[in-house]
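One-letter residues, chain by chain:
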Amino acid sequence: MERVLRLVISCPDRVGIVARVSGLLAQYNGSILEANHHADLAHGWFFMRNEIKASSLPFGAEKLAEIFAPIARDLDMSFLVTDTEKRKRIALMCSSDSHCLADILNRWQSGDLPCDIPCVISNHDNLRSIVEWHGIPFFHVPVDPANKEEHFAEVERLIAAHQVDSIVLARYMQIIPLALCRSYPNRIINIHHSFLPSFIGARPYHQAYERGVKLMGATCHYVTAELDSGPIIDQDVVRISHRDQVEDMVRLGKDCEKSVLARGLRWHLEDRVLVHGNKTVVFN
C-alpha cells in the first residue's frame, strides 16, 4: 500500500482553515490523496483529516508536525500527524468469550487490520490456544474479586512493557479502573450489546427474549470513567423475529458485536475518529 502521512485537526471554526492547511502542503509539493472536513455548526467547531502521499514531501511526520505547529498555534488547533509506516501497537484484553477476539486475530492475520498485536491479556486461560496459534504472547492474569488492584497492577505492567499505543477490550468482562482510563484517553476501545441501559447485568439476551424485543445491536465506544458511556465510534442493529429463540439472539448478537468492534478498531487505526467532548466525528 502507498505510504501516507495523516494530518488530523480539530479547532474553533472560522473562514480559511482549509486554505491555510492545503496551502502549506502545496508549498512543499504535498500530494493530498484523501481530504475530509466537517463543521459542527451547533458548537462552532471544525474537524479535518488529510492523507498526504509520503513520497511527495521532502520530509517525514516529525518535520511535518514541526512545520505545521505555527499554523496550529495561530488557529488554536489540536492536531496529530501520523505515518502509516509506523503501525500502532494494540493490546487485546478478553475474558472467556472468543467471538470478538478470534475475529480480530483473523482480520489481523489476513492483513485487514493494519497494526501490531504484541500481547493478549485475559483473566481466564481458556483462549490461550487461539492466541498462541497466531504467534502472539498470551498472559493469564487471574482476578481475585477481593483484590482487583493486584490484577490491574499486573495489567498495567504488561501494557507498559509491551509499549502499547491502544487497548481493545474484546469482551473483557472487568471494569477498567479510573487510573488506566486516564492513562489512555480515547485509546481504550470497548464493545457492548445495545440493550443497555434496558437490560443490565447477567443474561441480557434472556431478559430481552422475555421482553420480546424486535431490535438488538452493539455499540463500540471509547472507555471513560463512566461505565459504558464514552464517545461512541460505531453502532449497528439486527432485527429480531418472534421465531428467534434465545440461542438465535445470542448468535445474532455475537455477529453484530464482532463486526462493529472490527469497524471501530479499523477507523481508530486509520485515525478516522475525532473526539470532541463525549461525541465523535468519524470520517469513514
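Above this text you will find the structure in question.
Residues numbered from 1 in each chain as written. Predicted model: local features only at pLDDT ≥ 70, side-chain atom pairs only at ≥ 80, totals over all residues. Heavy atoms only, no water.

This next bit is on the sheet that holds strand S1 (residues 4-12). With respect to topology, 4 strands assemble into an open sheet ordered S2-S3-S1-S4, the strand pairing being antiparallel. Sheet topology places strand S2 (32-40) and strand S4 (78-83) at the edges, where each strand pairs with a single neighbour. Averaged over all pairs of adjacent strands, the angle between strand axes in this sheet comes to 10 degrees, irrespective of strand direction. Most of the contacts of helix H1 (residues 17-27) go to strand S3 (residues 45-53), to which it runs at about 20 degrees, and overall it touches S1, S2 and S3. Relative to the sheet, helix H2 (residues 61-74) contacts S1, S3 and S4, its axis offset from that of S4 by approximately 165 degrees. (Pairing = 2+ DSSP bridges. Helix = DSSP H or I, 4+ residues; strand = E, 2+ residues; numbered from the N terminus. Axes fitted to C-alpha atoms, helices over the stretch in contact; angles between N-to-C directions. Contact = heavy atoms within 4.5 Å.)

Next up on the list: the pattern of salt bridges. Side chains that carry opposite charge are capable of pairing whenever their charged atoms lie near each other. Applying the stated criterion across every chain yields a total of 23 salt bridges. The shortest N-O distance in the salt bridge between Arg 49 and Glu 51 comes to 2.6 Å. We classify Glu 51 as buried; its relative accessible area is 11%. Of the charged contacts in the structure, one is a salt bridge between Glu 132 and Arg 128, with a shortest N-O distance of 3.1 Å. With Glu 132 and Arg 128 both in helix H4 (residues 128-133) and 4 residues apart, this pair spans about one turn of that helix. Overall, Arg 128 belongs to the partly exposed group, its relative accessible area being 26%. One continuous salt-bridge network, built from bridges that share partners, spans Arg 6, Glu 34, Arg 49, Glu 51, Lys 88, Arg 266, Glu 270, Asp 271 and Arg 272. (Salt bridge = Lys/Arg side-chain N within 4 Å of Asp/Glu carboxyl O. Buried < 20%, exposed > 50% of the residue type's maximum accessible area, 1.4 Å probe, protein only.)

Let us now look at the packing of helix H7 (residues 204-211) against helix H8 (residues 246-269). Axis separation between H7 and H8 bottoms out at 9 Å; the angle between their running directions is 120 degrees. The angle between H7 and H8 falls in the class oblique. For the element pair H7 and H8, the recorded crossing hand is right-handed. Where H7 approaches H8, its residues Tyr 205, His 206, Ala 208 and Tyr 209 are matched on the opposing element by Val 246, Met 249, Val 250, Gly 253, Lys 254 and Glu 257. For the contact of H7 with H8, a count of residues per class yields 6 nonpolar, 2 polar and 2 charged. (Parallel < 35°, antiparallel > 145°, perpendicular 65-115°, else oblique. Left-handed = near helix turned anticlockwise from the far one by under 90°. Nonpolar A, V, L, I, M, F, W, Y, C, P; charged D, E, K, R; others polar.)

What follows covers unusual backbone geometry. In this structure, Gln 163 takes a positive phi of about 50 degrees despite not being glycine. Relative to the elements of secondary structure, Gln 163 occurs in the loop between helix H5 (148-161) and strand S8 (166-169). The exposed category is assigned to Gln 163, whose relative accessible area is 58%. Not every positive phi belongs to a glycine, and Asp 271 is a case in point at roughly 55 degrees. Its relative accessible area of 8% is what places Asp 271 among the buried residues.

Right, let's get into the side chain of Asn 190. By the secondary structure assignment, Asn 190 is in strand S9 (residues 188-193). Once you skip the residues sitting within four places of it in the chain, Asn 190 turns out to touch Leu 169, Thr 219, Cys 220, His 221, Val 223 and Asp 228.

A few words on the sheet that holds strand S10 (residues 215-222). Pairing is mixed across the open sheet formed by 7 strands, whose spatial order is S7-S6-S5-S8-S9-S10-S11. One side of each edge strand has no neighbouring strand; the edge strands of this open sheet are strand S7 (138-140) and strand S11 (232-239). Taking the axes of each pair of neighbouring strands and ignoring which way they run, one obtains an average angle of 20 degrees across the sheet. Sheet analysis places strand S5 (residues 88-94) next to S8, joined by 4 bridges and oriented parallel. Within the sheet, the bridge partner assigned to Met 93 lies in S8 and is Leu 169. Across the face of the sheet, H5 comes into contact with S5, strand S6 (115-122), S7 and S8 while running at roughly 160 degrees to S6.

Any functional reading would require information beyond the geometric quantities listed.
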